[in-house]
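What the coordinates show
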Amino acid sequence: MKKSIPPFKKAFFFTNIVFLIANANSQDLRSVEYPKYYFEPNISFQQKYTNNFNLDEKKTNAYLTEISPGFTWIGNTKKIKGYIDYSLDSAFYTEKNSNHRINNSFNVDTSIEIAEQFAFIDIEAYSSTQNISAFGPLATEDRISSNSNRTKNYKVSPYFKGTFNEDINYELKQIFYKSSSNGNIISGKTEKNTKFSLEKNPENKKFGWSTVASHEIADFRENRTIKNSALKGAISYGYGDQLIFLVITGVEKTNQISLLQESHSIFGLGGKWKPSPQTYLFSKFEKRYFGNSHEILFEHLTRKTAWRYKDSKTISNGNDFGSGTTGSMVDVLDGFYIQIEPDPVRRRKLVTIELERLGLSADAKIFNDYFRSASTLQNIQLLSLALLGRRSTVTLEAFKTKNERLQGLLRPPALGDDFDLNDQVQQHGLSMLAAHRLTPTTAIFINVIEQQSKSSNTNFKSKNTSLRLGFNTQLAKKTNVNFQIQRSLFESDISSYGESSITGTLTYRF
């Protein structure tokens, strides 16, 4: 789960965009002028009262004070696109048995063009507080609990791409990924992935083809090193650009389910259907060494709604960028705003600013993920609906996930995650959010989330339910204040608790 961008950070050059959207103006926003770079220092002061600081049956009242100086940097030029968001979070508690904490919180997503239309590098990094177990209390950013651990994730991806013979595209990419966590509760991971692809441009042609060669090494610090090499090819046949069919074949060599690397064949079918610019359907089904895998994505946009359904089943090498993601508010709304702003950097900030105007965390995950210290077979189903009015926003989201241990007889040693005792963990949840702008600078919202987890071998069950009411207003040009009331309930076979809290946040942008 990525760290939420601290609330109410607003870049002044996006104010016009938000105003136009709020008033349903049909002006082409691509004509708005933007500065190439923007740097904004800021500082937030947060005061929170909770009646259950330790999140247990023995309720302990406490006050939490947090001071967070930081900055936001945005680049949107031909050579550099992306953002850096950083804050130094210092938290102080009145609970005498708790240590004060200081966290470096960051969220980076930047792409750099090194050589024009040839050499590039993508840089991603984020820090977060994650659940150790799917069956414990939800991890929170403002305090440390028995079920939370601080993680740092980094990914660097240099690559080359281009075209030769006018219609054949190529790309050579190297991905370096590393994750680490505080303490020795959960092992970290490093990953290297080399990929080379060729694709015959199918534009205006019925037949096309592509081939991908890849080699991946996933090194779990306290577990096995997984190696996987694959060569895949696909032939496509299309009726214009609206309907395309795919036939996939290939071979892969892996030690994922055996001590030594073994070869396995790949065969699959797929297709793309785009009957209009507002509707898109993609599906792919493959026979792999672990069984059948699939990927289904459906999106449909109208003037005021965004529908999205995703269903995938594939290998997950623990927690990394996009692994196990169960949606964020940005994910839900991003597809809708593509109709207004095609540039992904501008669009992300546009969505972020609008959510912050409503008093919502822009990049917060709707549902909480949990640690996995080894590879799993992962099935995710996610359905979301966003309703966007002139002054109101309503989102509905449902998810279901299933992670299964892959290694069978090659059971790894105890690593501190849920798969020490279970071969399978299932989760499902529902979320509803409604927000309304009372004035151009004041908004209220209500958010209800329910998330449940169930294990296989031990038959553990847990349920997290939360209700949040929020109020956000702009006191001055560079000053915002936010108040939230939250009620949370946790039930499990081992313990249960309830927590009520009140939080006030004051943010000043320099």
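Right above here is the structure, for reference.
Everything in this summary refers to the structure shown in the same document. (Residues numbered from 1 in each chain as written. Predicted model: local features only at pLDDT ≥ 70, side-chain atom pairs only at ≥ 80, totals over all residues. Heavy atoms only, no water.)

**Brief notes about the overall build of the protein chain**
When helices and strands are counted, the protein chain shows three helices and 22 strands. In the protein chain, which comprises 510 residues, the share counted as buried stands at 51%. Long-range contacts, defined here as pairs at least 24 residues apart, represent 58% of the contacts in the protein chain between residues at least 6 apart. Entry remark: accessible area of the protein chain is about 24,300 Å², with carbon and sulfur atoms responsible for 58%. (Helix = DSSP H or I, 4+ residues; strand = E, 2+ residues; numbered from the N terminus. Buried < 20%, exposed > 50% of the residue type's maximum accessible area, 1.4 Å probe, protein only. Contact = heavy atoms within 4.5 Å. Areas by Shrake-Rupley, 256 points an atom, 1.4 Å probe, with all protein chains shown as cover.)

**Comments concerning unusual backbone geometry**
Although it is not a glycine, Leu-55 adopts a positive phi angle of roughly 55 degrees. By the element assignment, Leu-55 lies in the loop between β1 (37-50) and β2 (62-76). Looking at Leu-55, the relative accessible area reads 7%, which means it is buried. The phi angle at Gln-117 is positive, at roughly 55 degrees, despite the residue not being glycine.

**Here we look at the packing of aromatic side chains**
How two aromatic rings sit relative to each other is set out by the distance from centre to centre and by the angle between their planes. Summed over the entire model, instances satisfying the criterion amount to 15 aromatic pairs. Here the aromatic rings of Phe-207 and Tyr-237 are separated by 4.9 Å at their centres, their planes lie at 65 degrees, and the arrangement is edge-to-face. Taken as a pair, Phe-207 in strand β9 (residues 207-220) and Tyr-237 in strand β10 (residues 225-239) lie far apart in primary sequence, 30 residues in all. A relative accessible area of 55% places Phe-207 in the exposed class. (Phe/Tyr/Trp six-rings, centres within 6.5 Å; stacked < 30°, edge-to-face > 60°.)

**Section: a nonpolar patch on the surface**
A contiguous nonpolar patch, built from Phe-207, Trp-209, Ile-235, Val-247, Phe-267 and Leu-269 and spanning about 610 Å² of accessible area, is present on the exposed surface. Residue assignment for the nonpolar patch shows that the elements contributing at least two residues are β9 and β12 (262-276). For Ile-235, the position within the fold is in strand β10. Residue class for Ile-235 comes out exposed when judged on its relative accessible area of 52%. (Patch = residues over 30% accessible without salt bridge, like charges linked within 9 Å, V, L, I, M, F, W, Y side chains within 5 Å. Salt bridge = Lys/Arg side-chain N within 4 Å of Asp/Glu carboxyl O.)

**Concerning the pairing of β1**
Pairing analysis gives 14 bridges linking β1 to β2, with the strands arranged antiparallel. The residue of β2 that forms the bridge with Tyr-37 is Gly-75. One ladder, built from nine bridges, connects β1 with strand β22 (residues 496-509); its direction is antiparallel. Each bridged residue has a counterpart across the sheet, and for Lys-48 the counterpart in β22 is Thr-503. (Pairing = 2+ DSSP bridges.)

**Details of the environment of Phe-176**
Along the chain, Phe-176 turns up in strand β7 (residues 168-181). Setting aside its immediate chain neighbours within four residues, Phe-176 contacts Tyr-154, Lys-155, Val-156, Pro-158, Glu-191 and Lys-192.

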